[in-house]
Amino acid sequence: MKITKAILSLVLVATLFFSCKKEENKTEAGKETVKKEATPAVKPETMTFHIEGMTCAVGCAKTIEDKLSKMYGVQKAVVDFDKKQATVNFDLDKLTTDDIVKAVEATADGKTYKVSEVKTGSEKK
C-alpha cells in the first residue's frame, strides 16, 4: 500500500512539473527583443483578450506574461490564469494587436495557446 501511494505521489508531482509547456527561444523579425529602457508610448493602447490552453498559473500564464512583458513596445502585460484573460498596455506605434496575438500563440509549441475575444481600448470607448 505504501509503494502504491509513493508511486501515485511521484506520478502526480511529475505530471504537475511537466504539464506546462516551456517557451521556445524564438524571435520574430525583431518584434520580441528585450526592452532596454522603459520609454513613454507614442500611441498608447490597451488590449484585452482571452487565452485558451493554459493549464497552470506558474508555468503557462507566467510564461506568456513574461514573454509579452519583454516585447519591444509593451509597457505592461498581465495574464490572469483564473479568468484566462490577458491585458496588455503597448505602443501602437511599435506593435500591432496582431503582433501580440502571434507572440502568444507562438509560445510553447505554437499549437497550445489560442487567442480570442480581442478588444482594444479604442473599441471599448
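Attention in this report is confined to the structure presented alongside it.

The rules we used
- Residues numbered from 1 in each chain as written.
- Predicted model: local features only at pLDDT ≥ 70, side-chain atom pairs only at ≥ 80, totals over all residues.
- Heavy atoms only, no water.
- Helix = DSSP H or I, 4+ residues; strand = E, 2+ residues; numbered from the N terminus.
- Pairing = 2+ DSSP bridges.
- Axes fitted to C-alpha atoms, helices over the stretch in contact; angles between N-to-C directions.
- Contact = heavy atoms within 4.5 Å.
- Core = buried A, V, L, I, M, F, W, Y, C linked by side-chain atoms within 4.5 Å.
- Buried < 20%, exposed > 50% of the residue type's maximum accessible area, 1.4 Å probe, protein only.

1. Some points on the environment of Lys76
Stage number 1. Within the secondary structure, Lys76 is located in strand β2 (residues 74–80).
Stage number 2. Taking the C-alpha atoms as reference points, Lys76 and Glu65, separated by eleven residues in sequence, lie 9.1 Å from one another.

2. Observations concerning the sheet that holds strand β4 (residues 114–120)
Stage number 1. Taking strand neighbours across the sheet as the criterion, the four strands line up as β2-β3-β1-β4 in an open arrangement whose pairing is antiparallel. Looking along the sheet, the strands with just one partner apiece sit at the ends: β2 and β4. The mean inter-strand angle of the sheet, taken between neighbouring strand axes irrespective of direction, is 20°.
Stage number 2. The sheet contacts of helix α2 (residues 57–69) involve β1 (44–52), β2 and β3 (85–91), and relative to β2 the element is tilted by about 170°.

3. Structural notes on the nonpolar core
Stage number 1. Among the nonpolar cores identified, the biggest contains 24 residues, and Phe49, Ile51, Leu68 and Val88 are the most heavily contacted of them.
Stage number 2. Elements that contribute at least two residues to this core include exactly β1, α2, β2, β3 and α3 (97–106).
Stage number 3. Apart from residues lying up to four places away in sequence, Phe49 is in contact with Leu68, Lys84, Gln85, Ala86, Val88, Ile100, Val104, Val115, Ser116, Glu117 and Val118.

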